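Spelled out, the chains give:
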Amino acid sequence: MSVEHATIKQTILDRSFSLEGLDPELAAGLAALARTVKVDPGRTLFHAGDPGNGFYVVLDGSLKVCVNSCAGSEQLLAMLGAGSLVGELSIFDGQPRSATVVAVKPARLAFIEKSAFDRFADDHPAVYRHILHIVGQRLRHSNDALAARSFLPLPGRVAQTLLQLAGSFGRPLENERVLIHYKISQSDIASMSGGARENVSRVLNDWKRGGTISRISGYYCIEDRPTLEAAATL
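Cut-offs used in this document
Residues numbered from 1 in each chain as written. Predicted model: local features only at pLDDT ≥ 70, side-chain atom pairs only at ≥ 80, totals over all residues. Heavy atoms only, no water. Axes fitted to C-alpha atoms, helices over the stretch in contact; angles between N-to-C directions. Helix = DSSP H or I, 4+ residues; strand = E, 2+ residues; numbered from the N terminus. Parallel < 35°, antiparallel > 145°, perpendicular 65-115°, else oblique. Left-handed = near helix turned anticlockwise from the far one by under 90°. Contact = heavy atoms within 4.5 Å. Pairing = 2+ DSSP bridges. Buried < 20%, exposed > 50% of the residue type's maximum accessible area, 1.4 Å probe, protein only. Expected span 1.5 Å × (residues − 1). Arc of directions from axis to C-beta. Salt bridge = Lys/Arg side-chain N within 4 Å of Asp/Glu carboxyl O.

An unreviewed UniProt entry annotates the protein as CRP-like cAMP-binding protein of Amorphus orientalis.

Draft legend 1. Quick look at the packing of helix H6 (residues 154-169) against helix H7 (residues 186-193). H7 packs onto H6 with a crossing angle of 110 degrees between their chain directions and a minimal axis gap of 9 Å. One way to sum up the angle between H6 and H7 is to call them roughly perpendicular. Where H6 crosses over H7, the handedness of that crossing is right-handed. Contact with H6, carried on its side by Leu154, Arg157, Val158, Thr161, Leu162, Gln164 and Leu165, involves Ile189, Met192 and Ser193 of H7 and no other residues of that element.

Draft legend 2. View of the sheet that holds strand E8 (residues 178-180). Ordered by their spatial adjacency, 4 strands build an open sheet running E7-E8-E10-E9, and the pairing between neighbours is antiparallel. Sheet topology places strand E7 (170-172) and strand E9 (213-216) at the edges, where each strand pairs with a single neighbour. Direction aside, the axes of adjacent strands within the sheet are offset by 30 degrees on average. One ladder, built from 4 bridges, connects E9 with strand E10 (residues 219-222); its direction is antiparallel. Its bridge partner lying in E10, Arg215 is registered against Tyr220. Where H6 meets the sheet, its contacts fall on E7, E8, E9 and E10, and the angle it forms with E8 comes to roughly 90 degrees.

Draft legend 3. Representation of H7 within the structure. The element H7 is largely enclosed, with a buried count of 6 among its 8 residues. Phi turns positive one or two residues past the end of H7, at Gly194, with a value near 70 degrees.

Draft legend 4. Spotlight on helix H8 (residues 197-210). When the terminal C-alpha atoms of H8 are compared, their 20 Å separation across 14 residues agrees well with the 20 Å that a helix rising 1.5 Å per residue should span. Among the residues of H8, those classed as buried are Val200, Ser201, Val203, Leu204 and Trp207. The buried residues of H8 all sit within an arc of 160 degrees when viewed along its axis, so they share a single face. Along H8, the residues that are exposed and aim more than 90 degrees away from the buried face are Arg202, Arg209 and Gly210. Just downstream of H8, Gly211 is the residue with a positive phi angle, here 85 degrees.

Draft legend 5. Region of interest: unusual backbone geometry. Although it is not a glycine, Asn175 adopts a positive phi angle of roughly 60 degrees. In this fold, Asn175 is placed in the loop between E7 and E8.

Draft legend 6. Fine view of the pattern of salt bridges. Per the stated rule, a full pass over the model turns up 6 salt bridges. The shortest N-O distance in the salt bridge between Arg177 and Glu174 comes to 2.5 Å. We note a salt bridge from Arg225 to Glu229, for which the minimum N-O separation is 2.8 Å. Taken together, the residues Arg225 and Glu229, both in helix H9 (residues 225-231) and 4 residues apart, mark about one turn of the helix. Put simply, Glu174, Arg177 and Glu223 are held in one network by salt bridges that share partners.

Printed below as a string of structure tokens:
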């Protein structure tokens, strides 16, 4: 293995929480299959409908996952940071991509081709079980988001969005506070939570006045997580 490939392998192991819990030898073998891909801000990693020829692990940067209507409007589904898995459904069904993924900040990813993954996982079935567990978690999150859109009022949907962002970009601070280390706009929060920007702004301002959240150098900070979790609960 070349020095460059060894460095890529170690970076994946260090930065991918998607491999946490997998046997270290299997994680190392899986990481050894990867090659790096760089995506500039504003460039598309893949479009909905593109062939599902493999999956990615985000090493650095951030990406947005979105779908577009026939009229051209964009629905933002998620923001992904370092450690996230992207395009993992293609491992199981080989179907076209279900959403479009675009780099928001300069992104560096590790790409593992489906054919290489299949060969490795066929020899090590525990890898399939591990990835299936991750997919199950993603589907549960999707179900929660769908239920929230149907039943939660706007504050609950905004709370769910902030908690999701904290999961991807959160940095723990003292007193159980969490800094969302990503400068997201109110328009993006509105798109993710399915509300008008003006209404989302009012919700955020109410929480700032009440001490539930704050802003630190342009970043949102969760000051009172239990209040957000209560608001996001059906």
